[in-house]
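Inside the fold
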Number of protein chains: 2
Amino acid sequence: MSQLVAQAFYGSFFHTPVYGSFQYLHNALIEVNGAGYIYRVVEEDDPQQPELLRSYRESGILTELGEDRCGLPGFVDIHVHAPQWPQAGLALDEPLYLWLDQRTFPLESKFADLEFAERVYSDLVSQLLARGSTTTVYLGSAHLDSSLLLAQICADKGQRALVGKTVMDDPVANHDYYRDASPAQAVKDTETLIWEVEAIGRGSAQGVWPVITPRFIPSCTDEVLKGLGDLAETTGAYVQTHCNEGQWEHDVVLERFGKTDPYALRDFGLLRKHSIMAHCPYLTEEEGEMFAELGVAVAHCPMANSYFSSAVAPIQRFRSQGINVGLGTDISGGYSPSMYENIRQAVLVSRLLETGVNAQLPPERRGGLGEGTRLSLVESFWLATAGGAEALGLPLATFQPGRAFDLQVIDVKRPDSDLTGFGVFDSPEDQLARILYLSTPDNIRKVYAQGKLVCDKDARG
Amino acid sequence: MSQLVAQAFYGSFFHTPVYGSFQYLHNALIEVNGAGYIYRVVEEDDPQQPELLRSYRESGILTELGEDRCGLPGFVDIHVHAPQWPQAGLALDEPLYLWLDQRTFPLESKFADLEFAERVYSDLVSQLLARGSTTTVYLGSAHLDSSLLLAQICADKGQRALVGKTVMDDPVANHDYYRDASPAQAVKDTETLIWEVEAIGRGSAQGVWPVITPRFIPSCTDEVLKGLGDLAETTGAYVQTHCNEGQWEHDVVLERFGKTDPYALRDFGLLRKHSIMAHCPYLTEEEGEMFAELGVAVAHCPMANSYFSSAVAPIQRFRSQGINVGLGTDISGGYSPSMYENIRQAVLVSRLLETGVNAQLPPERRGGLGEGTRLSLVESFWLATAGGAEALGLPLATFQPGRAFDLQVIDVKRPDSDLTGFGVFDSPEDQLARILYLSTPDNIRKVYAQGKLVCDKDARG
């Protein structure tokens, strides 16, 4: 028994250390150090396990998941518009420009009010934790103060987070009531955000990081894009933005710069290792190669693909090109705060990307990408966990030594959601599939981030 | 106060009497007669309302939905493979023939065991009620006895149901361990089912009806198809089957009969008023006209479209052709028992059918059907309620006089799912959108079918 072990967890766990397959750790003992990192995984067949279990139980540091329960890694959601939480699920039948003008911008502008921001952000962070998302990449509003408040709320509630203040400075492209005062002010605010969020992060067990966050090229002046690119270079901070999301964006950027969105972003210095580019269904093979070379990551948001992209991002092609890909709920371009619903959706849309959609055309003219396009359920689970960790370059989301210990405890026997399966089809593969496809938020009973209990539904009685 | 009123419900209700829009009944009083049908809806501005409320409260027949609660009609799920419930969410990455051969058929064959059938069917009916589905159209296994058991369980638990015994008699197309003994036996069993289920229905408050259920043409001999068509003619019973689901089925039927699936079914006498044809993405305009003329209904199963159809059914075209369309979960060609998840999915896939999926092609070559294709959220809600009622020709699923009173009571303020919206965007339209897109099973607190309380989560404490 090592002195390095501060806590130990005993039970069965599912995770995906390698893309395309999963590993089932049956009756495993996971040792966690004082900083919340996994020290060692002691498997069922390890002769030391019984003695270790006895000793951890005696010293009171053992948590047993319990009957009918198992563990999954915490999810990594790499694209969330925090101030759009009150808009989730609303007006998705509207065209994008109305959705933005009548809903999103008036709503985001309210986050000048810190009391309102506190109410919304507290609820959002709690809801995401309650759904198993222990790491989230946030775009804040255009306000510095409320974005700092969001970072502090994440730190207080124990959610690992990347937090950005959205930059949108172009007076032609943005409403006067909701935009940065000037390019210089936007860069200055972003710089302040970087220092302040880093300070908040130092006080957080799970970690909070700043992200440089131009909304997308069409909202930004050349001057601010250059300023933010320079800031990325000097500070080494994360960068996130939207890239190649839809036809309109694609065409507008091409006309403005004579080059496409990804190259324009690159030339402003915004494509760097672990930069997070949301959506990207329009990314060409050549642009994808450039992403892979630079270590840029794609945030795949399958719900928003259907609503706003008129297309589905070809994730298997991105993966085979060596691009890092994670999954994002895209609240509120996607309606659901649940990564489970997004894992399901990533599978579903990949099937339609494979085949096309219109059965009145002959199969070869349906526009599908064909074999090799679909995502399996386990690959989609990987995107929501290890893929997100890889995108961010953080040691997360699998149960392996050296990784942060983030855990969702799943109860497969809840009154309205019994996932035990009547004694048929009970291989680990099927158990995992039932959890991923059929679980409801109620099946998630406890959530740990960096070894700390951050959500406990059992305690509600 | 009418003597005809046995119960009254006071609160706010959403429903869709007309396709394409919803109605919000704010602080309405719904009077229900002793047989569970709506007698009258007394709206807020009716001068009689206060006196009626007082009187119903006094006589103890008033149910008030309560603070932070509102009502939706019970859902009508018109396509569920009851014996596939233990398979929900499993092996959906497999090709259809393996999914059927390694999973579905061995599983369905277990329903010869009535003890197993009782366990699965009891859970399924309870889970569907707990998710607000007060009416369900079931395909049973190929066994008569377990299908009768399913009908009895529905009657006992208070779920309105149509129940069929699946017919699959062709010895070439089916495994010996799981098929009808002969065409004659299959027809005889179906006839028995009709009489027995009608008897069970007479003892049920909500109603249980038999359905003639050939699995689909490729599993059936000509003889059985003709025998079932004749039975439909002589008994007037409902008919359901799969129609035009995928390319393989389409091609096999065309080769066998020199005509497509819908015409073959028609010529066997299986397309009648309120016959329910599942899937139909391959239905041509001409075939659609024939459906409309005959009053045949389509069960739209948006999840199964992605997994097994390589295409999306064009629902707006069907509707504009005058075809009745309802929504089906298609357990387990779809994974989810929740009509909410299927309402969402119907919207999402309709967006991709509109645009196509592959952004590397020019928009006009993406194979999308273009403008007029997408389903709005409210249209999709209509499909799940009034659309299903219309498909079945039953007076259900809206809060109108003469309709059965089926109600889901939604609590918008649950610990992990607060749908109140922070005081912004709180029009009835937005409230309804939040419920449809963001609710979890936990938000559904009580379910009534035909005026009877059939699920009460509040009572659990």
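Residues numbered from 1 in each chain as written. Chains lettered and ligands numbered in written order. Predicted model: local features only at pLDDT ≥ 70, side-chain atom pairs only at ≥ 80, totals over all residues. Heavy atoms only, no water.

**Looking at the overall build of chain A**
- A count of helices and strands for chain A gives 14 helices and 18 strands.
- Each principal axis of the C-alpha atoms in chain A carries an extent, and together these give about 70 × 60 × 40 Å.
- With 461 residues in all, chain A has 67% of them scored as buried.
- Considering only intrachain contacts with a sequence separation of at least 6, the fraction spanning at least 24 residues in chain A is 71%.
- Just so you have it, chain A exposes about 15,000 Å², and 49% of that area is on carbon and sulfur atoms.
- Across chain A, the mean location of the 37 positive side-chain charges is 3 Å away from that of the 61 negative side-chain charges. (Helix = DSSP H or I, 4+ residues; strand = E, 2+ residues; numbered from the N terminus. Buried < 20%, exposed > 50% of the residue type's maximum accessible area, 1.4 Å probe, protein only. Contact = heavy atoms within 4.5 Å. Areas by Shrake-Rupley, 256 points an atom, 1.4 Å probe, with all protein chains shown as cover. Lys, Arg positive; Asp, Glu negative; His and termini not counted. Charge placed at Lys NZ, Arg CZ, Asp CG, Glu CD.)

**Digging into the confidence of the model for chain A**
- The predicted model of chain A has a mean per-residue pLDDT of 97, with 99% of residues at 70 or higher.
- With a pTM of 0.98, the predicted complex shows an ipTM of 0.97. (pLDDT = per-residue confidence, 0-100.)

**Digging into the relation of the copies chain B and chain A**
- Relative to chain A, chain B is turned by 180 degrees and slid 0.0 Å along the rotation axis, the superposed coordinates differing by an RMSD of 0.0 Å. Each copy turns onto its partner about a two-fold axis. Among all C-alpha atoms of chain B, that of B:Gly367 lies closest to the rotation axis, at 2.9 Å.
- Residue by residue, 99% of the interface of chain B is reproduced at the interface of chain A, so both copies engage with the same surface. (Least-squares fit on C-alpha atoms with pLDDT ≥ 70 in both.)

**Thoughts on the interface of chain B and chain A**
- Taken together, the contact between chain B and chain A spans 75 residues of the former and 75 residues of the latter.
- Between chain B and chain A lies a buried interface of about 6,400 Å² when both sides are counted; carbon and sulfur atoms form 56% of it.
- Broken down residue by residue, the surface that chain B buries against chain A is led by B:Val357, B:Asp416 and B:Phe422, which jointly contribute 13%.
- Put simply, chain B and chain A have 8 salt bridges between them.
- With its nearest N and O atoms 2.8 Å apart, the salt bridge here joins A:Asp416 to B:Arg460.
- Counting the contacts that link chain B with chain A gives 28 residue pairs in polar contact (both at pLDDT 80 or more).
- Considering each element in turn, the side of chain B that touches chain A owes the most residues, 10 residues, to helix α12 (residues 339–355) of chain B. (Buried area = accessible area lost by both parts, 1.4 Å probe. Salt bridge = Lys/Arg side-chain N within 4 Å of Asp/Glu carboxyl O. Polar contact = N/O pair within 3.5 Å; in protein donor to acceptor, adjacent residues only side chain to side chain.)

**So, the pattern of salt bridges**
Residue and element names in this part refer to chain A.
- The full count for this structure, using the stated rule, is 56 salt bridges over all chains.
- Ionic pairing is found between Glu 58 and Arg 54, a salt bridge with its closest N-O pair at 2.8 Å. Placement of the pair is Glu 58 and Arg 54 together in helix α1 (residues 49–58), with a separation of 4 residues, close to one helical turn.
- On the basis of relative accessible area, Glu 58 is assigned to the exposed category, the value being 63%.
- Classification of Arg 54 by relative accessible area gives partly exposed; the value is 39%.
- Note that Arg 215 and Glu 108 form a salt bridge whose closest N and O atoms lie 2.9 Å from each other. Of this pair, Arg 215 sits in the loop between β9 (208–214) and α6 (222–235) while Glu 108 is found in helix α2 (residues 96–109), placing the two residues 107 residues apart along the sequence.

**Comments concerning the pairing of strand β6 (residues 75–81) of chain B**
Residues and elements named next belong to chain B.
- Among the 7 residues that make up β6, 7 are buried, leaving the element largely enclosed by the rest of the structure.
- Two elements, β6 and strand β7 (residues 133–139), share 5 bridges in a ladder whose sense is parallel. Bridge pairing links His 81 to Leu 139 in β7. (Pairing = 2+ DSSP bridges.)

**Examining helix α7 (residues 247–257) of chain B**
Residues and elements named next belong to chain B.
- Of all the positions in α7, only Glu 249, His 250 and Val 253 are classed as buried. The buried residues of α7 all sit within an arc of 100 degrees when viewed along its axis, so they share a single face. Opposite the packed face of α7, turned more than 90 degrees from it, sit the exposed residues Trp 248 and Glu 255.
- Positive phi shows up at Gly 258, right after α7, with a value of about 70 degrees. (Arc of directions from axis to C-beta.)

**Remarks on the packing of helix α10 (residues 302–309) of chain B against α12(B)**
Residue and element names in this part refer to chain B.
- In contact at an axis separation of 7 Å, α10 and α12 are set at 60 degrees when each is read in the N-to-C sense. On the basis of the axis angle, α10 is oblique to α12. Residues Pro 302, Met 303 and Ser 306 of α10 form the contact with α12, whose participating residues are Glu 341, Asn 342, Gln 345, Ala 346 and Val 349.
- Partitioned by chemical class, the residues of the contact of α10 with α12 number 4 nonpolar, 3 polar and 1 charged. (Axes fitted to C-alpha atoms, helices over the stretch in contact; angles between N-to-C directions. Parallel < 35°, antiparallel > 145°, perpendicular 65-115°, else oblique. Nonpolar A, V, L, I, M, F, W, Y, C, P; charged D, E, K, R; others polar.)

**Focus on the packing of helix α5 (residues 183–202) of chain A against α6(A)**
Residues and elements named next belong to chain A.
- Orientation of α5 relative to α6, taken along the N-to-C sense of each, is 25 degrees, at an axis distance of 9 Å. Taken together, the axis directions place α5 and α6 in an arrangement best described as roughly parallel. Like other packed secondary-structure pairs, α5 and α6 cross with a definite hand, here right-handed. Residues Pro 183, Ala 186, Val 187, Thr 190, Glu 191 and Ile 194 of α5 lie in contact with α6, whose contacting residues are Glu 223, Val 224, Gly 227, Leu 228, Leu 231 and Thr 235. (Left-handed = near helix turned anticlockwise from the far one by under 90°.)

**Examining the packing of aromatic side chains**
- Summed over the entire model, instances satisfying the criterion amount to 36 aromatic pairs over all chains.
- Residues B:Trp99 and B:Phe308 carry aromatic rings whose centres are separated by 4.8 Å and whose planes lie at 50 degrees to one another, so their mutual orientation is tilted. Within this pair, whereas B:Trp99 is found in helix α2 (residues 96–109), its partner B:Phe308 is found in helix α10, the two being separated by 209 residues in sequence. Comparing B:Trp99 with B:Phe308, the two get one shared label, buried.
- Counting every residue linked through ring pairs, the aromatic cluster contains A:Phe9, A:Phe13, A:Phe399, A:Phe405 and A:Tyr448.
- Here the basic side chain of B:Arg103 rests over the ring of A:Phe425, its NZ or CZ set 4.7 Å away from the ring centre. (Phe/Tyr/Trp six-rings, centres within 6.5 Å; stacked < 30°, edge-to-face > 60°. Lys NZ or Arg CZ within 6 Å of the ring centre and 35° of its normal.)

**Remarks on the side chain of A:Thr260**
All names here are of chain A.
- The topology assignment puts Thr 260 in the loop between α7 (247–257) and α8 (261–267).
- Relative accessible area serves as the criterion here: at 14%, Thr 260 is assigned to the buried category.
- With sequence-adjacent residues up to four places away left out, Thr 260 is seen in contact with His 250, Val 253, Leu 254 and Glu 287.

**Digging into unusual backbone geometry**
- Following A:Ile331, the chain continues into A:Ser332 via a peptide bond in cis, with omega recorded as 0 degrees.
- Of note in the backbone geometry, A:Ala91 takes a positive phi value of approximately 60 degrees without being a glycine.
- For A:Ala91, the location among the structural elements is in the loop between β6 (75–81) and α2.
- Phi is positive for B:His274, close to 70 degrees, though the residue is something other than glycine.
- With respect to the helices, strands and loops of the structure, B:His274 is situated in the loop between α8 (261–267) and β11 (276–279).

**Some thoughts on a negative patch on the surface**
- Among the surface-exposed residues, A:Glu285, A:Glu286, A:Glu289 and A:Glu293 lie close enough to one another that they form a single negatively charged patch.
- As for its position among the elements, A:Glu293 is in helix α9 (residues 285–294). (Patch = residues over 30% accessible without salt bridge, like charges linked within 9 Å, V, L, I, M, F, W, Y side chains within 5 Å.)

**Some points on the side chain of A:Arg131**
- Mapped onto the fold, A:Arg131 is located in the loop between α3 (114–130) and β7 (133–139).
- B:Asp416 provides the closest opposite charge to the buried, unpaired A:Arg131, separated from it by 5.6 Å.
- Looking at A:Arg131, its side chain comes within polar contact range of the main-chain oxygen of B:Asp416, at 2.8 Å.
- Sequence-distant contacts of A:Arg131, that is, excluding residues within four places in its chain, are made with A:Phe75, A:Pro337, A:Ser338, A:Tyr340, A:Gln408, A:Pro441, A:Ile444, B:Asp416, B:Ser417 and B:Thr440.

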